[in-house]
Amino acid sequence: MNMETSQPKILPGLQKAGHSIRWYWGIAVLGLVLFTVGAWAAVYFQLNAREVDLGKRQVLAGVQGVAGHLAAVNRIRQELLEKISHEPALIALYQRGDKAGLQQRESQLNQTIPGVLRVRLLPVGLNEPDTSVTPHLSFASLEQLRLAEKRPGVLPAAVHQFGTPQQYVSMAAGVRETSDSPVVGLLHAAFPADELNKALDSVSNYGSRVELRQLAPRAAPFSLVRKGDMTNVQDEPDYALPINGSIWELAYWVDTGRLSGLQSQMLLLMPGLVLMVLVAVFLLFVAERMRRALKRDQHSILSLVEALLEGRPPKQQLAQLKDLQPTLDVLHHQIKQHRVKKAGLKKGKRPFSAGVDASAGVLIDHAAAAPAMAAVSHESVDLSASIFRAYD
């Protein structure tokens, strides 16, 4: 059997069934819900984009502040070591080979340089690490000292013996009269590495990951200090700021999920949801009241129709929905008019009581015959005199 022929067809002129009041009000509630959700989504995306942008600026400002602080510390130390490396008295001690004088000057520097762990005044060409005194003079420090023999000024700061209790920030410079003069000695200073961890504490709660990384010429950067918690972090950072006076850089990754401020948005959402639920309940309550009022008005209409069919006098009905009151008034008036007309017709339908053979079964409508009878009774008839002569 064809599926198309089995489907019921709506005949032309027939209307489809409508919907209930509750359905229409349900559509209104659904529209309210969609409007509220759409409005909240628009506000959320606008505020979210703004908060993410502000969060990125905050992270950038914090990282720039940390980089500036570390660069300032490096600059102060470099200027101080640069000044010491050009002291004429120190150069004279190296030129005379005065070991006692160098040890005395070394002791003075350990006490006068702020925050230093140890200052060493070393000879040129040193190639053996020193582990007798902490912090140890490692092979990385020896490589740094060799570069100091070749390059003028103070070399950039670097962390040596990383991951051990002996780790420190190493800085070195060659002792010479001028930048073009030959090197007569070496100056090495070790500073605590814990200050790097403390410097990054200020950006630990910015909702992002910040790393202080040390750069190596022929190796990948390795992390010295990490702050922030990001489980799924990509290899390349979003931004990296070099720190002047060192071989470090501050790399950071921006976690937009934590910067979005979802909790604050939820605080905005919850009152909206509560308000939306209350409004929806109120609208459904109104819809139910409207449905009951319409049902009472339907009973009123049926009561009027029943009075019409049974011939009872209609009662005045008050509509629960004021929009239906004119309809009830029109029905009441039409039923009364119908009763009046029906009563008038009943009064006019009476049989003649005399001059008519009842067995003939003929009934005269007096109401219909009255105008004709009145016309006959009042009409004057002229009779000719010749009629009376015929009977003389």
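Residues numbered from 1 in each chain as written. Predicted model: local features only at pLDDT ≥ 70, side-chain atom pairs only at ≥ 80, totals over all residues. Heavy atoms only, no water.

Draft legend 1. Quick look at the overall build of the protein chain. Along its length, the protein chain carries 11 helices and 8 strands. Buried positions account for 30% of the 392 residues belonging to the protein chain. Restricting to contacts in the protein chain with at least 6 residues of sequence separation, those with at least 24 account for 57%. Just so you have it, the protein chain exposes about 26000 Å², and 59% of that area is on carbon and sulfur atoms. (Helix = DSSP H or I, 4+ residues; strand = E, 2+ residues; numbered from the N terminus. Buried < 20%, exposed > 50% of the residue type's maximum accessible area, 1.4 Å probe, protein only. Contact = heavy atoms within 4.5 Å. Areas by Shrake-Rupley, 256 points an atom, 1.4 Å probe, with all protein chains shown as cover.)

Draft legend 2. Quick look at the packing of helix α3 (residues 88–96) against helix α4 (residues 99–112). Across the interface, α3 lies against α4 with an axial gap of 8 Å and an inter-helix angle of 145°. Between α3 and α4 the crossing geometry is left-handed. Contacts between α3 and α4 involve L90, L93 and Y94 on the former and, on the latter, G101, L102 and R105. (Axes fitted to C-alpha atoms, helices over the stretch in contact; angles between N-to-C directions. Left-handed = near helix turned anticlockwise from the far one by under 90°.)

Draft legend 3. Examining α3 more closely. L90, I91, L93 and Y94 are the residues of α3 that are buried. Seen from one end, α3 has its buried residues packed into an arc of 155°, which puts them on one side. Of the exposed residues in α3, the ones pointing more than 90 degrees away from its buried face are P88, A89, Q95 and R96. On its buried side, α3 packs onto α2 (21–85), α4, β1 (118–122), β3 (168–175) and β4 (185–192). (Arc of directions from axis to C-beta.)

Draft legend 4. Spatial organisation of unusual backbone geometry. Backbone torsion omega between T134 and P135 reads -5°, so that peptide bond is classified as cis. By secondary structure assignment, the location of P135 is in the loop between β1 and α5 (139–150). In this model, Q161 sits at a positive phi of 55°, which is unusual for a non-glycine residue. For Q161, the position within the fold is in the loop between β2 (158–160) and β3. Look at Q161 and you get partly exposed, because its relative accessible area is 22%.

Draft legend 5. Looking closely at the pattern of salt bridges. Under the criterion given, the structure shown has 11 salt bridges. With its nearest N and O atoms 2.8 Å apart, the salt bridge here joins R77 to E195. With a gap of 118 residues between them, R77 in helix α2 and E195 in helix α6 (residues 194–199) connect regions that are remote in the sequence. On the accessibility criterion, E195 (26% relative accessible area) is partly exposed. Residues R146 and E143 are paired through a salt bridge, measuring 3.3 Å at the closest nitrogen-oxygen approach. (Salt bridge = Lys/Arg side-chain N within 4 Å of Asp/Glu carboxyl O.)

Draft legend 6. Focus on the environment of L137. Mapped onto the elements of the fold, L137 is located in the loop between β1 and α5. By relative accessible area, which is 1% here, L137 ends up buried. Residues L137 and H160 lie 23 residues apart in sequence; the distance between their C-alpha atoms is 9.0 Å. In this view, L137 contacts R120, L122, L126, P129, D130, L142, L145, Y168 and H188; residues no more than four positions away in its chain are not counted.

Draft legend 7. Expanded view of the confidence of the model for the protein chain. For the protein chain, the average pLDDT comes to 77, and 78% of its residues sit at 70 or higher. Scored below 50 in pLDDT, residues 366–370 makes 6 contacts in the model with residues more than four places away or belonging to other chains. In this model residues 386–392 is a low-confidence stretch, pLDDT under 50, and it forms 0 contacts with partners more than four residues away in sequence or in other chains. (pLDDT = per-residue confidence, 0-100.)

Draft legend 8. Broad picture of α4. With 14 residues, α4 should reach 20 Å at 1.5 Å per residue; the first-to-last C-alpha distance of 20 Å fits that figure. All buried positions along α4 are accounted for by G101, L102, R105, E106 and L109. For α4, the arc enclosing every buried residue in end-on projection is 140°, short of the 170-degree limit, so these residues lie on one face. Away from the buried face of α4 by more than 90 degrees, exposed residues A100, Q103, Q104 and Q111 are located. Its buried side turned inward, α4 meets α2, α3 and β1. At the N-terminal end of α4, a side-chain oxygen is found 3.4 Å from the backbone nitrogen of A100, two or three residues along, and the residue is D98. (Expected span 1.5 Å × (residues − 1). Polar contact = N/O pair within 3.5 Å; in protein donor to acceptor, adjacent residues only side chain to side chain.)

Draft legend 9. Quick look at the sheet that holds strand β8 (residues 248–254). Reading across the sheet, the 4 strands line up as β6-β5-β8-β7 and stay open at both edges, with antiparallel pairing between neighbours. Where the open sheet ends on each side, the last strands, each with one partner, are β6 (219–227) and β7 (239–242). Adjacent strand axes in the sheet meet at a mean angle of 30°, parallel and antiparallel pairs treated alike. By the bridge criterion, 6 bridges tie strand β5 (residues 208–216) to β6 in an arrangement that is antiparallel. Among the inter-strand pairings, L212 is bridged to a residue of β6, identified as V225. (Pairing = 2+ DSSP bridges.)

Draft legend 10. Representation of the nonpolar core in the model. Core analysis: the largest hydrophobic core is formed by 42 residues, its most contacted members being L212, W248 and L250. Among the elements that make up this core, the one with the highest residue count is α2 (8 residues). Residues in contact with W248, not counting those within four places in the same chain, are N74, A157, A158, V159, V169, L196, L212, R213, Q214, L224, P242 and I243. Among the nonpolar cores identified, the runner-up in size contains 9 residues, and L137, L142, A148 and L155 belong to it. (Core = buried A, V, L, I, M, F, W, Y, C linked by side-chain atoms within 4.5 Å.)

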